[in-house]
Amino acid sequence: MSVTMIELDGVAKHYDAHVAVADVTLGIHKGEFIALMGPSGCGKTTTLRMIAGLDQPSAGEIRMWGRRLNDDPAWERDTPLVWQSYALFPFLSVQKNVEFGLKQRGMPAGPRAAKAREWMERMGIGAFADRSPSQLSGGQRQRVALARALATEPEILLLDEPLSALDPHLKVKMQAELVRLHRELGITFVCVTHSHSEAFAMADRVVIMNEGRVQQVGAPRDIYRRAGNRFVAEFIGGNNIIPGNIIGHGADGLAFSSPLGALSVASSQPEFAPGGEALLVISADNITIAAREAGLSNEVAAEVTTLDFAGSSVTVFLEAAGGTELRAQMPLRDLETLSLAPGARVFARWAAADGYFLRP
Ligand SMILES: Nc1ncnc2c1ncn2[C@@H]1O[C@H](COP(=O)(O)OP(=O)(O)OP(=O)(O)O)[C@@H](O)[C@H]1O
C-alpha cells in the first residue's frame, strides 16, 4: 500500500496578476518516482520549487508527513534539488561540492570527507575529487550534483530537468542510471521534465500539467492507454482523435458517425450515450494496416502520405476520406512485410474495443 509523503493541497503561486500555478492538489507517495510533465510555462518548475522551499505558495498548503511545510525555509527542509544547470560551486573542488550539505549540517571534517568519498565512488566520480567543476564533462557534473544532493541521505530528491543539458546518447544512459539509483536508494524522486519519453521511461507515476493545473495523474501505461481529456490525448502524442456523434447501438457497441464514416466503439464508458457529440481516440499503435479490404467494421480506405522512422518502429501517416489524417505505428519489420511507401493505397483498421471517447 502506498503511503503519502508529500501533500500539495490546493497550492497556487501568483506573481502579481500572473498565475504560475493555479491549483495543484497532489499526493506524492513514499519511495515513488514521480514525474511532473507538461508544456513550457505550465507551472511544473514552480511546483517543484515550492516543494523545495525556494518559492512560497500564494495559497494552499504543502505538507510532508502531515506537517505543514509552507513557512519552513529551504535550508531547513530535507528536500534537496538537482538543477538543470547543476548549480555547482565553481570555486570549490568536486570533493568540497559534495561535502557542502554535510558541512552545513555541522558534520565534522573527518566523517564529512569519508561520506563525500563514499558518494563520489558510488557516482563514479572518485577520480575527480580535486578537480574544479569547470574541468568536468556535462555527464560528470551531473554526477557531482547528484552526489552533493544525496550525500545528506535525504528521504526525497527533487530533480529539475536533470537530463536536458546532456547529449542524446548520455541522456539515455543517465535515464537508466537514475532509475537504478532510485531503485537502490528506495527514496522518493520528483522529477520535472517536458519530455514524454523521459517521464514515461523513468516514472512510476506521471503528473501531466497544463496552465498551472493537474490534468491527469497515473502510471505511464494507463495514461498512454486512456488519456483523461483532450489536452492529455494531444500532448502525449501518438493518438488519432476523431470528432463525431454517437448515433445509436450497433453489433459491436456504440455506433459513431464521423468524417471517416460509420464506426463502432465497444465503450465501457457509461457517461457516453447515443445522442451526443464526442471525440473518438485510437492510439496509433492500435491501428493496423492491410493491403486488402476484409469487410470489417472499423476499416477505412486511405493513402500513405509519409513514413516517420524512429529506430525499430515507424509511424505511417495516412490520408483517409475527406482528408482526415490518421497515423498508425508499427514495428519496422511489419512495414517491410507490407512494403509500404508514400502513395500506396491501403486499409487502416482497428478493433472496436481499442477506441474510447473523450468530451469534445
Ligand atoms: N519569478 C517569476 N516571476 C514572474 N513569473 C514567473 C516567475 N517564475 C515563473 N513565472 C511564470 O510562471 C509560469 C510557470 O513557470 P514555470 O517555470 O513553473 O514553468 P515550467 O512548466 O517549468 O516551464 P519550462 O518547461 O519552460 O521551464 C510561466 O508563465 C513563467 O513565466
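Under an unreviewed UniProt entry, the chain has the name ABC transporter ATP-binding protein and belongs to Terrihabitans rhizophilus. One UniProt comment on the chain, placed under Sequence similarities (unreviewed entry), says "Belongs to the ABC transporter superfamily."

**Quick word on the overall build of the chain**
Secondary structure assignment for the chain yields nine helices and 20 strands. The 360 residues of the chain split such that 36% are buried. Summarising the internal contacts of the chain: among those between residues at least 6 apart in sequence, 64% fall at separations of at least 24.

**Observations concerning the site of the ligand**
In the region of the ligand, the neighbouring residues are Y15, H18, A20, G38, S40, G41, C42, G43, K44, T45, T46 and H194. Elements that contribute at least two residues to the shell around the ligand include exactly β2 (18-29) and α1 (44-52). Counting residues per element, the shell around the ligand draws most heavily on α1, at three residues. A per-class count over the shell around the ligand returns three nonpolar, eight polar and one charged.

**Things to note about unusual backbone geometry**
Look at E153: it is not a glycine, yet its phi comes out positive at around 50°. Taking the number of C-beta atoms within 10 Å as the measure of exposure, E153 has 12 and is therefore exposed. The phi angle at E211 is positive, at roughly 45°, despite the residue not being glycine. Examined against the element boundaries, E211 turns out to sit in the loop between β9 (205-210) and β10 (213-218).

**Focus: the sheet that holds strand β12 (residues 253-258)**
Pairing is antiparallel across the open sheet formed by five strands, whose spatial order is β13-β12-β11-β14-β20. Edge strands, defined here as strands with exactly one partner in the open sheet, are β13 (261-265) and β20 (355-358). Ignoring which end each strand starts from, the neighbouring axes of this sheet average 45° apart.

**Let's talk about the packing of helix α2 (residues 94-104) against helix α4 (residues 138-150)**
Where α2 contacts α4, the axes come no closer than 6 Å and their chain directions differ by 30°. When the interaxial angle is binned, α2 and α4 end up roughly parallel. Note that α2 runs across α4; the crossing there is right-handed. Contacts between α2 and α4 pair V94, N97, V98, F100 and G101 from the former with V144, A147 and R148 from the latter.

**Considering the UniProt feature "domain: ABC transporter" (unreviewed entry) in the chain**
Under the present numbering, the feature "domain: ABC transporter" (unreviewed entry) in UniProt falls on residues 6-236. Between the end C-alpha atoms of residues 6-236 there is a gap of 26 Å, over a span that is 36% helix and 26% strand.

**Considerations on the sheet that holds strand β19 (residues 345-349)**
Read across the open sheet, the five strands follow the order β15-β19-β16-β17-β18; overall the sheet is antiparallel. In this open sheet, the two edge strands, each paired with only one partner strand, are β15 (288-290) and β18 (325-331). If you compare each strand with its neighbour and ignore which way they point, the axes differ by 45° on average. Two elements, strand β17 (residues 313-320) and β18, share seven bridges in a ladder whose sense is antiparallel. Among the inter-strand pairings, V316 is bridged to a residue of β18, identified as A328.

**Overview of the pairing of β2**
Note that strand β1 (residues 4-15) and β2 share eight bridges and pair antiparallel. Looking at the pairing, T4 lines up with H29 of β2. Connecting β1 to the antiparallel partner β2 that follows it, the hairpin turn spans two residues, and D16 within it adopts a positive phi of roughly 50°.

**Focus on the environment of E299**
In this structure, E299 sits in strand β16 (residues 299-310). With 47 residues separating them in the primary sequence, E299 and D252 have C-alpha atoms 13 Å apart. Setting aside residues no more than four positions away along its own chain, E299 makes contact with E293, A294, F347 and R349.

**A closer look at the domain arrangement of the chain**
Partitioning the chain into domains gives domain 1 (4-230) and domain 2 (238-358). Using C-alpha coordinates to define each centre, domain 1 is positioned 39 Å away from domain 2. A per-class count over the side of domain 1 that touches domain 2 returns one nonpolar, one polar and two charged.

**A closer look at the nonpolar core**
A general trend in soluble globular proteins is that nonpolar side chains are found buried together. Counting 91 residues, the largest nonpolar core has A35, A147, V190, V207, L280 and A348 as the members making the most contacts within it. If you tally residues by element for this core, the top one is α4, at six residues. Residue contacts for L280: discarding those within four places in its chain leaves I242, G244, F256, S258, L263, V265, G355 and F357.

**Quick notes on the environment of S258**
As for its placement among the helices and strands, S258 is situated in strand β12. In this view, S258 contacts I242, P243, G244, L263 and L280; residues no more than four positions away in its chain are not counted.

About the thresholds
Residues numbered from 1 in each chain as written. Predicted model: local features only at pLDDT ≥ 70, side-chain atom pairs only at ≥ 80, totals over all residues. UniProt positions renumbered as here; feature names shortened; annotations may be inferred. Helix = DSSP H or I, 4+ residues; strand = E, 2+ residues; numbered from the N terminus. Buried ≥ 20, exposed ≤ 12 C-beta atoms within 10 Å, placed from the backbone. Contact = placed C-beta atoms within 7 Å. Near = placed C-beta within 6 Å. Nonpolar A, V, L, I, M, F, W, Y, C, P; charged D, E, K, R; others polar. Pairing = 2+ DSSP bridges. Axes fitted to C-alpha atoms, helices over the stretch in contact; angles between N-to-C directions. Parallel < 35°, antiparallel > 145°, perpendicular 65-115°, else oblique. Left-handed = near helix turned anticlockwise from the far one by under 90°. Domains from an automatic or database assignment. Core = buried A, V, L, I, M, F, W, Y, C linked by C-beta atoms within 7 Å.

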